[in-house]
Amino acid sequence: MLYRWLHYRRILFQSLNRIPFWIFGILYCIYFACLVLSRVGEYENNISSLLGIYEGFAKLNPHYREESFLLYKDGGYDGQFFYFIARYLFLENFTSFPVLDSFRLRFTRIGMPLLSGFGSTIFGFEHYPLVTLLTLVSVHLIASYLFKKLLGNARKGLYLVFLFSPFTINANLLLVSDGLFADCFFILVYALRRAGLSLTKQNAHPTSLLLKKEILLPLFLGTLFFLSIRETSLPFLGTIFLYALYMRQFFISGVLFWALTIYLCFYIFVGTYNGFPEGTNPLGFFDLSDYPFFGFIKSLHIPSPLNLGNSSKEAIKIVIFGVLLSVGFQTLNARNLKDRLLVLPLYFIVFLGIIAEAGYWSSFDNSSRFFTLAVPYGILLSSRMPMYRHYGSIELSLFLLTAITVRYFFIKQVLNFVLW
C-alpha cells in the first residue's frame, strides 16, 4: 500500500512539473493574497495588523510607531521587533536603540530589517508592512524557481512543496524572517552550484579564474547577508563550509570562512558589548530550552471547553511533532561520508525541537518555524540520494497547508470558531 502511494505521488508531481512555473507562481500569489485579505479583514483591512505591535512596546518606543499602525492590547508578535530595528537602522532621527524584549537576541537578526528597511526608505516607513510583504513574496518566488532548477529531473515537481510551504506561508503572514531565511539559503545554494559546488551531485568541478573574479564579491555578500538573517544559519553554512573543504573547493570554502568569521565577530560583539540595552525580557539559550521532549509534553493538555476548535489546536501539535520525527528519520538516508556530512543540519533542527521549551510547542506560529528550511532541505538532499525516503514530511506539509487554508478561509469566516 505504501509503495503504491509513493508511486502515485511520484506520478502526480511529475505531471504537475509539466505545467510552467509561472502558472503556479500566479496561483501562489492569488492564494497568498487571499490569506492576507482574510487575516487583515478582522482589523478593518489595516495591513499593519500583520506586524503584531503590542501597545506595551509602542509606549516604550513612542517615536517608532506610525499613528495609523494597529496596536494589540494583548500578545503581539516578533514582526514588531524587525520593524523597530529597521527604523533604527535607516532613519537618522532615531539615535537611541529601540526597547525590545531581548535586544541581543533580536539585533543579531538584522538581515530582514536591512532588506525591508531599505525598501521602506524609498516608499516611506508608513508602508513598511506592505513593502515587507511584497519583498518576502518576491524573494520566495525567485527562490522557488531556482529550487526547481536545483532538483533532478525525477524530483523537480517537488519544488511545489516548497513554493506552497505552510511554514513559509505562515512566517510571511507574520512578517518574520523564517521564510526569507529558507529562500535566501536556496538562492545561495544555487549560486554555489554555479561556482562549482553542487549539493545535489556527488562530484564538483573546478572554478575558473574568470568566474572567481566575477562571483567573489556577490558570493561573499550573499553569504554574509544569509548569516545575518538568523543565527540558525550557522549549522547550515558551517556544514557547507566543511563539505567544500572535503570536496577540495578551497576558493568557495575561503569565501564561506571569511563570511562566517565576520558574522561570528558581529554576533560575539552584540552578545558582549555593554552599551546595548538588555530589553524587557532578556533571554538566553537555556531560557528557551528544557529537558528532552519535556517542552512538548508540557504543552499538551485536555482542552476546556472540549470543542472542535480547541481539540484541533491540540491535535496540530501532534502533527508538528510528526514533522520533527520525520526530519529525524531522514538522517537515516545518508549512506556515505559525504551524505552524512550534509545531513548534519537536520540533526541540529531535531535537537532544537527536542529541547524546545513548552512556549514554542504551545503555539503553531512558533513551532512551525522550526521546519521552514528543514523540510525543503530534505527534498534538496533527495536529488543526490536515489533511494531517499521523506518519512511523511511531504504529506504532513500538505496537511498543514490544508489546515492553514481552513484556519483563514473557513474557520474565521464560515464556521465562526477558531482553530488556533
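Remember, predicted model here, so these are calculated numbers, not experimental data. (Residues numbered from 1 in each chain as written. Predicted model: local features only at pLDDT ≥ 70, side-chain atom pairs only at ≥ 80, totals over all residues. Heavy atoms only, no water.)

Across its full length, the protein carries 21 helices and zero strands. Here the protein has a C-alpha radius of gyration of 21 Å; the compact-globule value for 420 residues is 22 Å, and the two agree. By principal-axis analysis of the C-alpha atoms, the protein measures approximately 55 × 50 × 45 Å. Counted over contacts in the protein with a minimum sequence separation of 6, partners at least 24 positions apart contribute 74%. Computing the positive centroid from 34 side-chain charges and the negative centroid from 22, the protein places the two 16 Å apart. (Helix = DSSP H or I, 4+ residues; strand = E, 2+ residues; numbered from the N terminus. Rg over C-alpha atoms; globule rule 2.2 N^0.38 Å. Contact = heavy atoms within 4.5 Å. Lys, Arg positive; Asp, Glu negative; His and termini not counted. Charge placed at Lys NZ, Arg CZ, Asp CG, Glu CD.)

What follows covers the pattern of salt bridges. The full count for this structure, using the stated rule, is 10 salt bridges. Its salt-bridge partner being Arg 106, residue Asp 101 comes within 2.8 Å of it at the nearest N-O pair. With a relative accessible area of 12%, Asp 101 lands in the buried category. Overall, the relative accessible area of 10% leaves Arg 106 in the buried class. When the shortest N-O distance is used, the salt bridge between Glu 278 and Arg 104 registers 3.0 Å. Of this pair, Glu 278 sits in the loop between α13 (250–272) and α14 (294–299) while Arg 104 sits in helix α5 (residues 103–107); the two residues are 174 residues apart in sequence, bridging distant segments of the chain. One salt-bridge network, in which partners are shared between bridges, spans Asp 78, Asp 101, Arg 106, Asp 178, Arg 230 and Arg 369. (Salt bridge = Lys/Arg side-chain N within 4 Å of Asp/Glu carboxyl O. Buried < 20%, exposed > 50% of the residue type's maximum accessible area, 1.4 Å probe, protein only.)

By the secondary structure assignment, Thr 200 is in the loop between α10 (178–195) and α11 (209–229). Judged by its relative accessible area of 9%, Thr 200 falls in the buried class. Within the structure, Thr 200 has its side chain in polar contact with the side chain of Ser 198 (distance 3.1 Å). If we ignore the near neighbours within four places in the chain, the residues touching Thr 200 are Leu 150, Leu 380, Ser 383 and Arg 384. (Polar contact = N/O pair within 3.5 Å; in protein donor to acceptor, adjacent residues only side chain to side chain.)

What follows concerns helix α20 (residues 374–382). Along an α-helix, a turn takes 3.6 residues, which lines up residues three or four apart on a common side. The element α20 is largely enclosed, with a buried count of nine among its nine residues. Within α20 the residues assigned to the buried category are Ala 374, Val 375, Pro 376, Tyr 377, Gly 378, Ile 379, Leu 380, Leu 381 and Ser 382.

The next point concerns the layout of surface pockets. The computed volume of the largest pocket comes to approximately 1,200 Å³. Lining of the largest pocket is provided by 46 residues; of these, Leu 105, Arg 109, Glu 231, Leu 288 and Tyr 360 occupy positions nearest its centre. Contributions of two or more residues to the lining of the largest pocket are made by α4 (79–90), α5, α10, α12 (233–246), α13, α17 (344–355) and α18 (358–362). In terms of residue count, the dominant contributor to the lining of the largest pocket is α17 (four residues). (1 Å grid on protein atoms, 1.4 Å probe; cavity = no way out; pocket = protein on both sides within 12 Å on 5 of 7 lines; lining within 4 Å. Points joined across faces, edges and corners; volume = space filled by probe spheres on them.)

What follows is about the nonpolar core. Ranked by size, the top nonpolar core spans 124 residues in total, and within it Ile 169, Phe 185 and Phe 371 carry the most contacts. Looking at which element gives the most residues to this core, the answer is α10, with 11 residues. (Core = buried A, V, L, I, M, F, W, Y, C linked by side-chain atoms within 4.5 Å.)

Bringing the confidence of the model for the protein into the picture now. Of all residues in the protein, 92% have pLDDT values of 70 or greater, and the mean over the chain is 88. Within the protein, the element-level pLDDT minimum falls on helix α1 (residues 2–17), averaging 66, and the maximum on helix α7 (residues 128–150), averaging 96. Predicted confidence for residues 413–420 stays below pLDDT 50, and this span has 23 contacts to residues more than four positions away or in other chains. (pLDDT = per-residue confidence, 0-100.)

On the surface, Leu 242, Leu 245, Phe 250, Leu 344 and Tyr 347 cluster together into a nonpolar patch covering about 460 Å² of accessible area. Those elements that provide at least two residues to the nonpolar patch are α12 and α17. The exposure class of Leu 245 is partly exposed, given its relative accessible area of 34%. (Patch = residues over 30% accessible without salt bridge, like charges linked within 9 Å, V, L, I, M, F, W, Y side chains within 5 Å. Areas by Shrake-Rupley, 256 points an atom, 1.4 Å probe, with all protein chains shown as cover.)

Before going further, it helps to spend a moment on the packing of aromatic side chains. For any two aromatic rings, the description comes down to two numbers: the centre-to-centre distance and the angle of the planes. On inspection of all chains with the given rule, the structure shows 47 aromatic pairs. Ring geometry for Phe 97 against Phe 103: centres 5.3 Å apart, planes inclined by 70°, an arrangement best described as edge-to-face. Residue classification places Phe 103 among the buried positions, given a relative accessible area of 0%. (Phe/Tyr/Trp six-rings, centres within 6.5 Å; stacked < 30°, edge-to-face > 60°.)

On to the environment of Phe 364. Mapped onto the elements, Phe 364 comes out in helix α19 (residues 364–367). For Phe 364, a relative accessible area of 3% puts it in the buried group. Considered as a pair, Phe 364 and Ile 320 are 44 residues apart in the sequence and their alpha carbons are 8.1 Å apart.

Looking now at the packing of α10 against α20. Where α10 meets α20, the axes come as close as 10 Å, and the angle between the chain directions of the two elements is 25°. Looking at the two axes, α10 sits roughly parallel to α20. The interaxial crossing formed by α10 with α20 has right-handed handedness. Here α10 contributes Phe 185, Phe 186 and Val 189 to the contact with α20, which in turn contributes Pro 376, Tyr 377 and Leu 380. Partitioned by chemical class, the residues of the contact of α10 with α20 number six nonpolar, no polar and no charged. (Axes fitted to C-alpha atoms, helices over the stretch in contact; angles between N-to-C directions. Parallel < 35°, antiparallel > 145°, perpendicular 65-115°, else oblique. Left-handed = near helix turned anticlockwise from the far one by under 90°. Nonpolar A, V, L, I, M, F, W, Y, C, P; charged D, E, K, R; others polar.)

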